[in-house]
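# Residue-level structural notes
As a plain string of letters, each chain reads:
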Amino acid sequence: MPEKETLERAEQDAREGKSPSTQAGEFVREEIHHIREGKHGAKSTKQAIAIGLSKARRSGVKLRAPKKGAASARTRSQAARELRRGRVRRKPSQKRSRATSRALKREGRSAASRRSLASHARSTARKRGSAARSRSARKAVLTKGSRRRSQSARKAARTRAASRR
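For clarity, every value in this text was computed on a predicted model and none was experimentally measured.

A separate point is the overall build of the chain. The helix and strand tally for the chain stands at 8 helices and 0 strands. Secondary structure of the chain in N-to-C order comes out as α-α-α-α-α-α-α-α. Here the C-alpha coordinates of the chain stretch approximately 60 × 35 × 35 Å along the principal axes. Put simply, the chain has 165 residues, and 23% of those count as buried.

Below, the structure written as C-alpha cells:
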C-alpha cells in the first residue's frame, strides 16, 4: 500500500493537469526511497521502477500499458490487470503479499544507488530518438511556470556556452 503522502502528491499532480507518467513518478520515487532506507531490495533499477509503476496503476493513476514493441506480452497483460485493479479495490492475498515482500528483502540495495539510476536513465534515453526527447521537453515546459522556465533557460544557455568551448 502506498504511503498517504505519495497518494497526495500524485493527486496534486493530477489536479495540476500533469501527465499520468508524472503522477506515477511519485510512486517510483517512493519505491526508490524504500530501497534506500533498507525496507527491501530489488534485482535491478528496472525492477524498482516497475514496482513503482505497478503501485501507481493499482492506486488509480491512468497510466496505460506499454505499447506492443516496448514490452513483452506478459508485461503488457500484467499492466492491464493492474489498471483494472485500480478501478476495483480488493484486499490483497496475504500469502502472496508476504511471499513477494520476503523475496524482495533478499535482494540487494544497489538498484537505488545514484550510479545505477544514472546509468539506467542514460541507456533509456539512448533508446529514444532526439525528436522524442525534444517533444517531451516541450511538453514539460507547459507545466513548468514562468520562474522555473527562466531558470531552465539560464541553465540551457550555460550548457550551450560550455559545449561551445
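Structure's up, so let's keep going.
Before going further, it helps to spend a moment on helix α3 (residues 45-58). In an α-helix there are 3.6 residues to a turn, and that puts residues three or four apart on one side. The terminal C-alpha atoms of α3 lie 20 Å apart, and with 14 residues this matches the ideal 20 Å at 1.5 Å per residue to within 8%. Listing the buried residues of α3 in full gives Thr45, Ala48, Ile51, Gly52, Ser54, Lys55, Ala56 and Arg57. In this structure, the buried side of α3 is in contact with α2 (20-36), α4 (73-87), α5 (94-106) and α6 (114-127). Just beyond α3, the residue with positive phi is Gly60, at close to 100 degrees.

The next point concerns a positive patch on the surface. The grouping of Arg58, Lys62, Arg74, Arg81, Arg84, Arg87, Arg89 and Arg96 at the surface amounts to a positive patch. Locating Arg89 in the fold gives a position in the loop between α4 and α5.

One finds Val28, Ile32, Ile35, Ala42, Ala48, Ala111 and Ala112 forming the largest nonpolar core, which totals 7 residues. Counting residues per element, this core draws most heavily on α2, at 3 residues. Once residues lying within four places of it in the same chain are set aside, the contact partners of Ile32 are Ala48, Ala112 and Leu117. With 6 residues, the next largest nonpolar core counts Ala10, Phe27, Ala56 and Leu63 among its residues.

Mapped onto the elements, Thr6 comes out in helix α1 (residues 4-15). Using a relative accessible area of 3% as the deciding quantity, one classes Thr6 as buried. Discounting residues that sit within four places of it in the chain, Thr6 has contacts with Glu26, Phe27 and Glu30.

Direction vectors running N to C along α1 and α2 enclose 160 degrees, while the axes themselves pass 8 Å from each other. Comparing their axes, α2 and α1 come out roughly antiparallel. Relative to α2, the crossing made by α1 is right-handed. In this structure, α1 contributes Thr6, Leu7, Arg9, Ala10, Asp13 and Ala14 to the contact, and α2 contributes Thr22, Gln23, Glu26, Phe27, Arg29 and Glu30. Each residue belonging to the contact of α1 with α2 can be placed in one class, and the counts come to 4 nonpolar, 3 polar and 5 charged.

Relative to the helices and strands, Arg147 is located in helix α8 (residues 146-164). Here Arg147 falls in the exposed class, since its relative accessible area comes to 73%. Note: C-alpha distance between Arg147 and Arg64 (83 residues apart in sequence) is 31 Å.

About the thresholds
Residues numbered from 1 in each chain as written. Predicted model: local features only at pLDDT ≥ 70, side-chain atom pairs only at ≥ 80, totals over all residues. Heavy atoms only, no water. Helix = DSSP H or I, 4+ residues; strand = E, 2+ residues; numbered from the N terminus. Buried < 20%, exposed > 50% of the residue type's maximum accessible area, 1.4 Å probe, protein only. Expected span 1.5 Å × (residues − 1). Contact = heavy atoms within 4.5 Å. Patch = residues over 30% accessible without salt bridge, like charges linked within 9 Å, V, L, I, M, F, W, Y side chains within 5 Å. Areas by Shrake-Rupley, 256 points an atom, 1.4 Å probe, with all protein chains shown as cover. Salt bridge = Lys/Arg side-chain N within 4 Å of Asp/Glu carboxyl O. Lys, Arg positive; Asp, Glu negative; His and termini not counted. Charge placed at Lys NZ, Arg CZ, Asp CG, Glu CD. Core = buried A, V, L, I, M, F, W, Y, C linked by side-chain atoms within 4.5 Å. Axes fitted to C-alpha atoms, helices over the stretch in contact; angles between N-to-C directions. Parallel < 35°, antiparallel > 145°, perpendicular 65-115°, else oblique. Left-handed = near helix turned anticlockwise from the far one by under 90°. Nonpolar A, V, L, I, M, F, W, Y, C, P; charged D, E, K, R; others polar.

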